[in-house]
Amino acid sequence: MSHGFGAALPAEDGRPRLPGSLHLNRRLSQWLEFHADGRVTLKPGKVELGQGILTALSQIAAEELDIGFGRIRVQSAATPDSPNEAVTSGSLSVQDSGSAIRHACAAARAIFLSVAAQRSGVPLEALRVEDGAFLGPAGEVGSYWVLADSGLLETEASPEARPKPPEARRIAGTSVPRIDLPDKVFGAARYVHDLRLPGMLHARVVRPPARRAVLQSVAEGPLPEGVQLVRDGSFLAVLAEAEWQAEAAARIASRALWAAEDTLPEEATLAAWLREAGGRGEHSLVLERADSAAPPAQTIRRSFHRPYIAHASIAPSCAVARWEGEAVEVWSHSQGPYNLRADLAKTLRCAPEQVVVRHGEGAGCYGHNGADDVALDAVLAARAVPGRPVRLLWSRAEELGWSPFSSAMLVDVEADLDAAGNLLGWRSDIISNGHSSRPGRAPEPTLLAASMLAEPFPVKPSINPPLVGGGGAQRNAIPVYRLPNLHVGLTRLLEMPIRTSALRGLGALINVWSIESVMDEAAALAGADPLDYRLRHLDDPRAAEVLKRAAAMAGWAGRVKREGFGMGLAFARYKNSGAYAAVVAEVEAAERVFCRRLWIAGDVGEVVNPDGVLNQFEGGAIHGASVALLEQVRFDRQRITSDAWETYPILRFSEAPAVQIELIARPEAPFLGAGEATMGPTIAAIAAGIQDALGARPRALPFTPENIAAAMEAAP
Amino acid sequence: MPAFTLNGAAVAPDLPEDASLLHALRGPLGLSGTRFGCGTEQCGSCMVLLEGAPAYACTLSLATVAGRSVTTVEGLGTPAAPHPLQAAFLAEQAGQCGYCLSGILVSAAALLAANPDPDEAAIRRALDPHLCRCGSHNRIIRAVRRAAAAMHGATA
Ligand code: FES
Ligand code: FES
């Protein structure tokens, strides 16, 4: 999973370059610890989001150390001791953390072996490692376990360490079963939600009836016995001994008096509002080139629109907090413990050292959701009861109604074709709120409750990370197809009625879809098959290979038109620098559109865990199908109204498409990440399938009967 | 203090009658396998078996379950003695975050008890009350089929 803008690239700091996050976290003891009982603790700064990262990182460590996989225990990230790997996002975890761990373990292995060689007198070249034991010609001369307490890891990783060559790998590159899955299949207490500390109280937030509403007064009348009310400005919470009491009390307390105003745009005219607010926005140039002065023979002009999209994680966000004196400890399913710590400290106006954040798992995380916000809520509630842990759980309505959303967007495209129908020029303009308001990056905290306090912090409009960091709204906005002339512009809204941040794919969802949709139209004008047309505009052989592979899997060349069914094909390289994915979709147009089958070919560079990548690819594709067909945040002028599963439906078992995936093996190539690669091309392939089935190209997400009907009316 | 049978043992949680079974399970009964997702019968995270039939623990009052028998995911099997479904979910690596799995496993157990050889459409129907945001649907369907085959003694 891991979505959004990952670790910032470390600046050139004059120190020898170390791979991934190791560069800024250079001490080996930050990453691993050997124990005399034959175990190894691995301490990544990246966190498990349901994507299987801890399993993949353990494989890399076991591989380089030459130990059995079962010897590894993973310690969840926590401040202040874990390596600071910023945020687990952007499909960068294996690049950032895997590269670091691979190098750190190779360095550790070399240190231990050289000490064993010195002590035993056996030459280094005559030593090998077998499941942690150092073996010479005459037998064992030491082990990680014997030397566990010698302090050998209290040193910086050497840039000279040499990880194994790809052909020597035995564990990395195989489908080791997920280490977290048994707990989840047997119902063990695995999530932050399950944490039970002695003396723990339960808390709920009482939400205002409208965005930006101001609390006037708390309702008169008694609360159930033992219930405590916590108020700071417009932040209102209840605390109780038992969870059911907290829920009952929250219902009673919700009769508070609030001053509310209309602050949200009109949903029915959202696209028009984006355009209008864009006029007051901040304009920037993403990329421009002009290599050809040839006049275009024809021009395609199209506009694309998408609504706000919700994370819609299956578990509402949760956190546990406990104050002791001036210090607070927080258990959280945040994507970035250090970043959360920074924003908690800013909000509390204290030093970061007074805050400890410990990561615990939540349900699937697809970007910057409510995890950080609920951590502040728990901290504020727990401040009223020093010494007692407080567990604060959001409701379903808070999760769907108050988490950050992925921004609504508009994209205008103009594509020029030459006389032969080939691409000559491309102009696109993107209008969007920013796609990141992650904590820990701005001078002021971005956590939800920070703006509700008696001494509130302002809510700044979200930003777009620069393209070198993957971009936000402009992610994947630059077509990878050969284009002599190109102009991509971006307008970031400077007003943010609905709070936006990173969600799986960010701007890539609409950018990939709009590019692929126009490519299909251009192919049609050129009288070419969509596959051939793409291939003749691609210079990257890896891109061509996934396209050809997906087409072969789906029987694209021999496809037969069936009444009510359609097939579409699409491609993207995530962030234009990450994983390659080509998708063929089969859709059925019945009372509404269903996606029945998906054929996907991918290239993610080196694969640490093939089954894990397949799982991520498929999960992203089904997530994409859900966004394509169903998802849309609803609101009136005051509040989000799609705050239940009834009003924010996602794809169900009866609607999930069959998925077939093939990965192209590239053990020598760098890791490219997998979690977000398939979502954009899946949406685009479904749109193309709808055109094939119904003869209309959708121009607005989601592809509901209403939006498709509008496209049919607008069809030229 | 309503009494009922939980995973084969008699229990009587110290909660009022109108408290939900889910609060009782996750609170005084100390079983966190049954998850909270919505509280309104819309996601299936909290599914348990009431007298063998799937039921939403988030809206079941303790008064309703009094004197009856409840099975949760913890009652299906253990790591040492897994239910064939749990073994099959691990074999298929059916899950990502896993939050949806407890409810899905008990619904699938009820399905297989009623229909030992369900086809794919029957599995999809039986699991339709359950939401999975991670997109593990197809693996889960394969796992249920694998378990059905294993329970027949056939090869999966
Ligand atoms: S928590 Fe019971 S159905 Fe969602
Ligand atoms: S595995 Fe995450 S919701 Fe199903």
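This text follows the structure it describes.
Residues numbered from 1 in each chain as written. Chains lettered and ligands numbered in written order. Predicted model: local features only at pLDDT ≥ 70, side-chain atom pairs only at ≥ 80, totals over all residues. Heavy atoms only, no water.

**Some words on the pattern of salt bridges**
Tallied over the entire structure, the rule returns 65 salt bridges over all chains. Across the salt bridge formed by Arg139 of chain B and Asp611 of chain A, the nearest N and O atoms sit 3.0 Å from each other. Of this pair, Arg139 of chain B sits in helix α7 (residues 137-152) while Asp611 of chain A sits in helix α12 (residues 610-629), each in a different chain. Classification of Arg139 of chain B by relative accessible area gives buried; the value is 4%. (Salt bridge = Lys/Arg side-chain N within 4 Å of Asp/Glu carboxyl O. Helix = DSSP H or I, 4+ residues; strand = E, 2+ residues; numbered from the N terminus. Buried < 20%, exposed > 50% of the residue type's maximum accessible area, 1.4 Å probe, protein only.)

**Here's the deal with the interface of chain B and chain A**
Contacts between chain B and chain A engage 48 residues on the former and 58 residues on the latter. In this assembly, chain B packs against chain A so that about 4500 Å² is buried in total across both faces, 55% of it on carbon and sulfur atoms. Taken together, the links from chain B to chain A amount to four salt bridges. In this structure, the connection of chain B to chain A is made through 34 residue pairs in polar contact (both at pLDDT 80 or more). At the level of secondary structure, the elements contributing two or more residues to the side of chain B that touches chain A comprise α1 (21-26), α3 (73-76), α4 (84-91), α5 (101-114), α6 (120-127) and α7 of chain B. Among the elements that take part in the side of chain B that touches chain A, α7 of chain B stands out by supplying five residues, more than any other. A per-class count over the side of chain B that touches chain A returns 23 nonpolar, 18 polar and seven charged. (Contact = heavy atoms within 4.5 Å. Buried area = accessible area lost by both parts, 1.4 Å probe. Polar contact = N/O pair within 3.5 Å; in protein donor to acceptor, adjacent residues only side chain to side chain. Nonpolar A, V, L, I, M, F, W, Y, C, P; charged D, E, K, R; others polar.)

**Focus on the sheet that holds strand β21 (residues 565-573) of chain A**
All names here are of chain A. If you trace the four strands from one edge of the open sheet to the other, you get β21-β22-β23-β24, paired in mixed fashion. Either end of the sheet is taken by a strand with one partner, and the two such strands are β21 and β24 (658-663). Adjacent strand axes in the sheet meet at a mean angle of 15° when their direction is disregarded. When β21 meets strand β22 (residues 580-589), the two strands line up antiparallel, connected through nine bridges. (Pairing = 2+ DSSP bridges. Axes fitted to C-alpha atoms, helices over the stretch in contact; angles between N-to-C directions.)

**Quick look at the side chain of Glu243 of chain A**
Take Glu243 of chain A: it is sitting in helix α4 (residues 243-253). Polar side-chain contacts of Glu243 of chain A include one of 2.7 Å to the side chain of Arg391 of chain A. Other than its neighbours up to four places away in sequence, Glu243 of chain A contacts Arg196, His202, Arg204, Arg391 and Leu393 of chain A together with His23 of chain B.

**Re the packing of aromatic side chains**
Any aromatic ring pair is given by two values, namely how distant the centres are and how the planes are angled relative to each other. Residues and elements named next belong to chain A. Applying the stated criterion across every chain yields a total of eleven aromatic pairs over all chains. With centroids separated by 6.1 Å and ring planes inclined at 65°, the aromatic side chains of Phe34 and Trp145 adopt a geometry described as edge-to-face. Placement of Phe34 in strand β1 (residues 32-34) and of Trp145 in the loop between β6 (139-143) and α3 (181-185) is noted, with a sequence separation of 111 residues between them. Each member of the pair, Phe34 as well as Trp145, is classed as buried. We note Arg207 situated over the ring of Trp402; from NZ or CZ to the ring centre the distance is 5.5 Å. (Phe/Tyr/Trp six-rings, centres within 6.5 Å; stacked < 30°, edge-to-face > 60°. Lys NZ or Arg CZ within 6 Å of the ring centre and 35° of its normal.)

**A short note on the packing of helix α6 (residues 337-348) of chain A against helix α7 (residues 371-382) of chain A**
All names here are of chain A. For the pair α6 and α7, the least separation of the axes is 11 Å and the interaxial angle reads 40°. Here α6 is positioned oblique relative to α7, judged by the angle of their axes. The two elements α6 and α7 meet at a crossing, and its hand is right-handed. Contacts between α6 and α7 involve Leu340, Leu344, Thr347 and Leu348 from the first element and Asp372, Ala375, Leu376 and Val379 from the second. (Parallel < 35°, antiparallel > 145°, perpendicular 65-115°, else oblique. Left-handed = near helix turned anticlockwise from the far one by under 90°.)

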